Amino acid sequence: MGVEIEVNSGENSTNWIPIMKKLYMNVLGEMVKKFPKLTCRTIWRVGKEDPRRVIHSIKVGLSLTLVSLLYLIEPLFKGFGSNAIWAVMTVVVVLEFTAGATLCKGLNRGLGTLLAGSLAFLIEYVATKTGLIFRAIFIGAALFFIGATATYMRFVPYIKRNYDYGVVIFLLTFNLITVSSYRVDNVLKIAHERLYTIAIGCGVCLLMSLLIFPNWSGEDLHNFTAAKFEGLAKSIEACVNEYFSDEEQQKARENSSDLEDPIYNGYKTVLDSKSFDETLALYASWEPRHSRHCYRFPWQQYVKLGNVLRHFGYTIVALHGCLQTEIQTPRSVRAMFKDPCLRLAGEVTKALKELGDSIRYRRHCSPEILSDHLHEALQDLNNAIKSQPKLFIGSKNNTNKLTLATVVSKGQPGAQNSRRGSLSSVKTDTSALLEWKSKLMGRENSKENYERKSLRPTLSKINITSLEFSEALPFAAFASLLVEIVARLDLVIEEVEELGRIAHFKEYNQDDDHIVNFDEKHTMPLQNELPNHAGD
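Residues numbered from 1 in each chain as written. Predicted model: local features only at pLDDT ≥ 70, side-chain atom pairs only at ≥ 80, totals over all residues. Heavy atoms only, no water.

Before going further, it helps to examine the packing of helix α5 (residues 99-128) against helix α9 (residues 187-211). Contact geometry of α5 with α9 gives a least axis separation of 10 Å together with a crossing angle of 165 degrees. Relative to α9, the element α5 lies roughly antiparallel. Crossing angle aside, the handedness with which α5 passes α9 is left-handed. Across the interface between the two elements, Ala99, Thr102, Leu103, Gly106, Arg109, Thr113, Leu114, Phe121 and Glu124 from α5 touch Leu188, Ala191, His192, Leu195, Ile198, Cys202, Cys205, Leu206, Ser209 and Leu210 from α9. Counted by class, the contact of α5 with α9 contains 12 nonpolar, 5 polar and 2 charged residues. (Axes fitted to C-alpha atoms, helices over the stretch in contact; angles between N-to-C directions. Helix = DSSP H or I, 4+ residues; strand = E, 2+ residues; numbered from the N terminus. Parallel < 35°, antiparallel > 145°, perpendicular 65-115°, else oblique. Left-handed = near helix turned anticlockwise from the far one by under 90°. Contact = heavy atoms within 4.5 Å. Nonpolar A, V, L, I, M, F, W, Y, C, P; charged D, E, K, R; others polar.)

The structure is reproduced here in structure tokens:
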């Protein structure tokens, strides 16, 4: 700011107050100016990512307007009274993004309300035949027994997975009606009105979800599964290309403004999709058979395929870790195996894209998905490794063999953040220990006062080994993971073929490859579009 603040004298000790106040007002003014622009940009981005969100918002607003007529129109209000507000509450709670989620919550709410009302009427009928004191005891005992039984039923896996929300609504409605009946005379009439209004609200939600621009959970799960293959293929391709890139390409990538890692972005959705797949499969099982297929679609098979893809993704994570290890094979050595590795990665990528297309277009895989090119690339990599035995099998004359010392961890005093390099850059024998001790002694005097006021860090032992390693050892790990990816690809293909068999996919036709130009923009449903039962 170019302003000097004097705090030595008592007269100038408060000069900083107006300066800070002025600075605060300037920052606040900038935030106020940028807030409308930032808000509009965020709103536009959210709608652009998935235009179905705009449609769903309009559907919710229209549904709330329709059910509010029960409260706003005088003849309807006289028929339902203040209980008409339950229709509005039902729309807010039940109407979800997809038709399957709305059906699940709507039918659970309706079924729970109906069963609770019927049972409460039965309890009320029996209780009215007894005296006032016995009536209170009977109602209390009924509340205990029904509440404990219904709560215990929620722990049954099948009920918890499919009808947990309905059991909660059953408990709520039963307790409201039963307890209110002890003090209110016309509780049966109130219960009837509430049941009607809840039924109206559920009906409006179902009509909006099923008939007006419906969003199907099954279609979201289908498209989401197909898009996983594309993400995994991009991760493998980007990972291998980065591993064999030269120094100029790596520096250009590090200096680029794009902070997102394309490798991580490709597989992170697959690794985090377990609960998402299971939820979509559950809601899809509630949906009617809206497509031209008359048979029941195997949504649980999609969940099983998702599990296989996650295990496949773990190998890609390990492959990505080879790029971030502290010890790296020199680029000159890596270049000797660049072509077979790139060919192998290209064939795996091609196979993954073919698998994704087969699911997306609901057809069986191409017979050439595991073509001879993949086996040839695998054989070429094997031959390339065998052609350089000295890189992997050491001898006394091999200059690449080194004595590896396990140096001090980064958190210890005097330790330096080591740059990733080859094994030759690692200090060997006792040189690392001596260097570390000299640096520690040199800084001991300057840090003496500071160390008295702080905790002295624990010094871990330095394990020095006399093992001899090859420069190509890190690349051997990278190559073995590539081979592991090829091995796990067979398991993925088997699951895709099993899904195609159960779901009755059409036979492969080479002319179908150019029919559809798939747009992935609207096929990746986000987790905030799934219903949340926590606040219901």
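So, next bit.
This brings us to empty space enclosed by the protein. Summed over the entire model, instances satisfying the criterion amount to 2 cavities of 30 Å³ or more. Of the pockets and cavities examined, the largest cavity occupies roughly 120 Å³. Taken together, Trp86, Thr113, Gly117, Phe121, Thr173, Leu176, Ile177, Ala191, Arg194, Leu195 and Ile198 form the lining of the largest cavity. Contributing elements (two or more residues each) for the lining of the largest cavity: α5, α8 (164-180) and α9. Among the elements that take part in the lining of the largest cavity, α9 stands out by supplying 4 residues, more than any other. Residues of the lining of the largest cavity, tallied by class, amount to 7 nonpolar, 3 polar and 1 charged. (1 Å grid on protein atoms, 1.4 Å probe; cavity = no way out; pocket = protein on both sides within 12 Å on 5 of 7 lines; lining within 4 Å. Points joined across faces, edges and corners; volume = space filled by probe spheres on them.)

On to the pattern of salt bridges, then. If you walk through the whole model with that rule in mind, you get 17 salt bridges. Put simply, Glu49 and Arg45 hold a salt bridge, and the shortest N to O gap is 3.3 Å. Of this pair, Glu49 and Arg45 both sit in helix α1 (residues 16-49), 4 residues apart, roughly one helical turn. Assessed through its relative accessible area of 45%, Arg45 is described here as partly exposed. (Salt bridge = Lys/Arg side-chain N within 4 Å of Asp/Glu carboxyl O. Buried < 20%, exposed > 50% of the residue type's maximum accessible area, 1.4 Å probe, protein only.)

With that settled, the discussion passes to the environment of Ala87. Following the sequence through the fold, Ala87 ends up in helix α4 (residues 85-94). Overall, the relative accessible area of 0% leaves Ala87 in the buried class. Taking the C-alpha atoms as reference points, Ala87 and Cys202, separated by 115 residues in sequence, lie 7.8 Å from one another. Ignoring anything within four residues of it in the chain, the contact list for Ala87 reads Val67, Leu70, Thr197 and Gly201.

Tallied over the entire structure, the rule returns 12 aromatic pairs. Taking 6.5 Å as the distance between ring centres and 25 degrees as the angle between the ring planes, the aromatic pair formed by Phe134 and Phe138 counts as stacked. You can see Phe134 and its partner Phe138 sitting in helix α6 (residues 132-153), 4 residues apart, about one turn around the helix. Among the residues examined, Phe134 registers a relative accessible area of 48% and is labelled partly exposed. Pairing Tyr163 with Trp286 gives two aromatic rings, centres 5.8 Å apart and planes at 75 degrees, and the pair type is edge-to-face. Placement of Tyr163 in the loop between α7 (157-162) and α8 and of Trp286 in helix α13 (residues 274-286) is noted, with a sequence separation of 123 residues between them. Accessibility expressed as a relative area gives 29% for Tyr163, which makes it partly exposed. On the basis of relative accessible area, Trp286 is assigned to the buried category, the value being 19%. A connected cluster of aromatic rings, assembled from ring pairs, spans Tyr158, Tyr163 and Trp286. Directly above the aromatic system of Tyr165 lies the positively charged group of Lys105, at a separation of 5.0 Å from the ring centroid. (Phe/Tyr/Trp six-rings, centres within 6.5 Å; stacked < 30°, edge-to-face > 60°. Lys NZ or Arg CZ within 6 Å of the ring centre and 35° of its normal.)

Right, let's talk about the side chain of Asn215 for a bit. Its location among the elements puts Asn215 in the loop between α9 and α10 (217-243). Not counting the four nearest positions on each side in its chain, Asn215 is found in contact with Arg52, Phe97, Thr98, Ala99, Ser209 and Glu287.

Turn by turn, an α-helix covers 3.6 residues, leaving residues three or four places apart pointing in a common direction. Between its first and last C-alpha, helix α2 (residues 52-72) extends 30 Å over 21 residues, near the 30 Å set by a 1.5 Å rise per residue. Listed in full, the buried residues belonging to α2 are Arg52, Arg53, His56, Lys59, Ser63, Val67, Ser68 and Leu70. (Expected span 1.5 Å × (residues − 1).)

As for its position among the elements, Asp277 is in helix α13. Dropping the residues within four chain positions of it, Asp277 is found in contact with Leu221, Phe224, Lys228, Val303, Gly306 and Arg310.

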